Amino acid sequence: MDAKVAESGKGAVDAGKERVIIFDTTLRDGEQSPGASMNLEEKLQVAELLDEMGVDVIEAGFPIASNGDFEAVAEIGRRVKNAVVCGLARAGNADIDRAGEALKTARQSRIHTFIGTSPLHRKFQLQLSEDEVFDRVVSSVTRARGFTDNVEWSPMDATRTEHDFLCRVVEAAIKAGATTINIPDTVGYSTPEEFGALIRMLIERVPNSDKAIFSTHCHDDLGMAVANSLAGVSAGARQIECTINGLGERAGNAALEEVVMAIRTRSDIMPFITGIDTRMLMRASKLVSAVTAFPVQYNKAIVGQNAFAHESGIHQDGVLKNAQTYEIMRPEDVGVKATSLVLGKHSGRHAFKEKLRELGYELGDNAFNDVFRRFKDLADRKKQVWDDDIVALVEDEVAAAAEAVKVVALTVIAGTGGPQKAIVTLDVAGRHETREATGNGPVDATFNAIKMILPHAGRLSLYQVHAVTEGTDAQAEVSIKLEENGRMVMARSADPDTLVASAKAYVSGINKMATRRGKAAPEAIAAEGA
Ligand code: KIV
Ligand code: ZN
């Protein structure tokens, strides 16, 4: 087992506080959110940020799901410096071997293998008896140990599994060499009291429970994922599986920023610490939101736009006199800075680089040059450029950098005369292609022209515009959703021109749809009998 995680999980004590391992699964369970696909470049950026932020284990993907997932896990393994890199595998040889192969590049690796254990999963999904499931637990953990001594095992749907059978398989997994036992509330069915009692029961009843670290993996179907995870830790678990912005299957997973800040803020009743640099939470939230195009709800705890905003007169009065009257956390501790006026059109490269650093971005030379050019264009067009403008611009540039198709030029003829017309030029793998189309409004015309260059069967099921800052000269942020064969992708882009932002968001969605097509369908994965 990796020394850092082993040490931090079991015994390490900081001023009387035990360490809780933060296992981030944004790139695996998070990426399973309908629509939240990320390309390789985006995954690498998220992984590097998680590593820098102090995440202990990064679940980088499900290597057998697609070649793209395999490559992503391998490349993340190469890049990550501190965290353990983990790959998911079902309880079959092919899955485990593929995960082991992908993780060869990692300095520290973990294989996470799982199988459904509840009566529903055994009977309907797997069609296996208790004994057959038991045998697969032993064989899968044993095989994973052939690749690494850091093996995590999960009984899927643990919260609906009979306690006797659960104890039996957990004991067997530890005996076969699992060093972490993860207890998933796969369908988000549990309550804090019940989940805490489950973890306590396992630790007390399983004879060799002291040989493994217990972990929580809670889904948010009833809105209790964070509360359940914390109850698990209070009952003896020392690893929490979570995702940035609570991304994940259906209603998502426990939100990393919430569990980390709850542990930090309420250390009076939860004597634990994590290794997370909380000042990076906002940046991580913004990056994940940008690359997945999943907006963060305004009133989301910790990272929502309103999380530290005080509207009522009484609250504002109290905060001005003493912030603690209505604030239990300091905004700067989660990376929220007072929005400040940035720079003008006369600002130079040096000042701009400083501003980027202050906002938490270190860009390579090429990316910096591109962003600086866009900043100058923006400053020419917009009287005041704010921090939020810069963030939207950088995130947009970063998200677009790795896309195969890019918007080069757009001319639109709109107005009362009709029909509206758009002329679009796209860069398709280095070749410029131009088409002209009419439509029912300028956005429709633009999308029609794009579709002539990039024909696809996706249905546009969402088109939404919002202003990044105030004023009629604000940048427009356009979000779109495309659906194709039961799958969906979200995409987003920002530009001072709403139509350019629309074209870029639409092209980004088509790029993402192409990436998504490379993934094995969930039915195909399920059919192999995890
Ligand atoms: O929710 C779940 O059960 C999972 C497992 C693969 C751990 O994501
Ligand atoms: Zn899950």
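Bear in mind the structure is a predicted one, so any value in this text is a computation, not a measurement.

### Quick look at the sheet that holds strand β6 (residues 109-116)
Step number 1: With parallel pairing, the eight strands of this closed barrel are ordered in space as β3-β4-β5-β6-β7-β8-β9-β10. When the angles between neighbouring strand axes are averaged without regard to direction, this sheet yields 25°.
Step number 2: One ladder, built from three bridges, connects strand β9 (residues 213-218) with strand β10 (residues 239-242); its direction is parallel. By the bridge assignment, H217 is partnered in β10 with E241.

### What about the domain arrangement of the protein?
Step number 1: What the domain assignment lists for the protein is domain 1 (19-292), domain 2 (304-336), domain 3 (339-399) and domain 4 (402-527).
Step number 2: Each of domain 3 and domain 4 has a C-alpha centre, and these two points are 24 Å apart.
Step number 3: Counting from both sides, the interface comprises 12 residues of domain 3 and, opposite them, 15 residues of domain 4.
Step number 4: Together domain 3 and domain 4 conceal approximately 970 Å² of surface at their shared face, both sides included; 45% is due to carbon and sulfur atoms.

### Regarding the state of the cysteines
Step number 1: In total, this model carries zero disulfides according to the counting rule given.
Step number 2: No disulfide involves C218; its sulfur sits 10 Å from that of C242, the nearest cysteine.
Step number 3: You can call C218 buried: its relative accessible area is 0%.
Step number 4: Looking at C242, the relative accessible area reads 0%, which means it is buried.

### Side note on the coordination of the zinc ion (ligand 2)
For a metal with four tetrahedral donors the ideal donor-metal-donor angle is 109.5 degrees, while six octahedral donors give ideal angles of 90 or 180 degrees.
Step number 1: The coordination sphere of the zinc ion (ligand 2) contains the protein donors D29 (OD), H217 (NE2) and H219 (NE2), at a distance range of 2.0 to 2.1 Å.
Step number 2: Spacing between the donor residues of the zinc ion (ligand 2) along the chain follows D-x187-H-x1-H. By the burial criterion, H217 is buried, and H219 matches it.

### Structural notes on the confidence of the model for the protein
Detail in the predicted coordinates should be disregarded across regions flagged by low pLDDT.
Step number 1: On average, residues of the protein carry a pLDDT of 89, and 92% of them reach 70 or more.
Step number 2: Taken as a whole, residues 1-13 scores under 50 in pLDDT and shows 36 contacts with residues more than four places along the chain or in a different chain.
Step number 3: The low-confidence segment residues 520-530, where pLDDT is below 50, has 20 contacts with residues more than four positions distant or belonging to other chains.

### A closer look at the site of ligand 1
Step number 1: Surrounding ligand 1, one finds R28, D29, H112, F114, S154, M156, P184, T186, H217 and H219.
Step number 2: Between R28 and ligand 1, the recorded distance is 3.0 Å, taken from a side-chain N or O atom to an oxygen atom.
Step number 3: Within the contact set of ligand 1, an oxygen atom lies 3.0 Å away from a side-chain nitrogen or oxygen of D29.
Step number 4: Elements with a contribution of two residues or more to the shell around ligand 1: β6 and β7 (151-156).
Step number 5: Across the shell around ligand 1, the residue classes tally to three nonpolar, five polar and two charged.

### Examining the packing of helix α7 (residues 163-176) against helix α8 (residues 192-205)
Step number 1: Axis separation between α7 and α8 bottoms out at 10 Å; the angle between their running directions is 55°. It follows from the interaxial angle that α7 and α8 lie oblique. The handedness of the crossing between α7 and α8 is right-handed. Only L198, M201, L202 and R205 of α8 make contact with α7, whose side of the interface consists of H163, D164, L166, C167 and V170.
Step number 2: Looking at the contact of α7 with α8 residue by residue, the class counts come to six nonpolar, one polar and two charged.

### Notes on the pattern of salt bridges
Step number 1: Applying the stated rule across the entire model yields 37 salt bridges.
Step number 2: Linking R28 and D29 is a salt bridge whose minimum nitrogen-to-oxygen distance equals 3.5 Å. Side by side, R28 and D29 carry an identical accessibility label, which is buried.
Step number 3: With its nearest N and O atoms 3.1 Å apart, the salt bridge here joins D131 to R168.

What counts, and where the lines are drawn
Residues numbered from 1 in each chain as written. Chains lettered and ligands numbered in written order. Predicted model: local features only at pLDDT ≥ 70, side-chain atom pairs only at ≥ 80, totals over all residues. Heavy atoms only, no water. Pairing = 2+ DSSP bridges. Helix = DSSP H or I, 4+ residues; strand = E, 2+ residues; numbered from the N terminus. Axes fitted to C-alpha atoms, helices over the stretch in contact; angles between N-to-C directions. Domains from an automatic or database assignment. Contact = heavy atoms within 4.5 Å. Buried area = accessible area lost by both parts, 1.4 Å probe. Disulfide = S-S within 2.5 Å. Buried < 20%, exposed > 50% of the residue type's maximum accessible area, 1.4 Å probe, protein only. Donors = N, O, S within 2.8 Å, 3.2 Å for Na, K, Ca; no water. pLDDT = per-residue confidence, 0-100. Near = heavy atom within 4 Å. Polar contact = N/O pair within 3.5 Å; in protein donor to acceptor, adjacent residues only side chain to side chain. Nonpolar A, V, L, I, M, F, W, Y, C, P; charged D, E, K, R; others polar. Parallel < 35°, antiparallel > 145°, perpendicular 65-115°, else oblique. Left-handed = near helix turned anticlockwise from the far one by under 90°. Salt bridge = Lys/Arg side-chain N within 4 Å of Asp/Glu carboxyl O.

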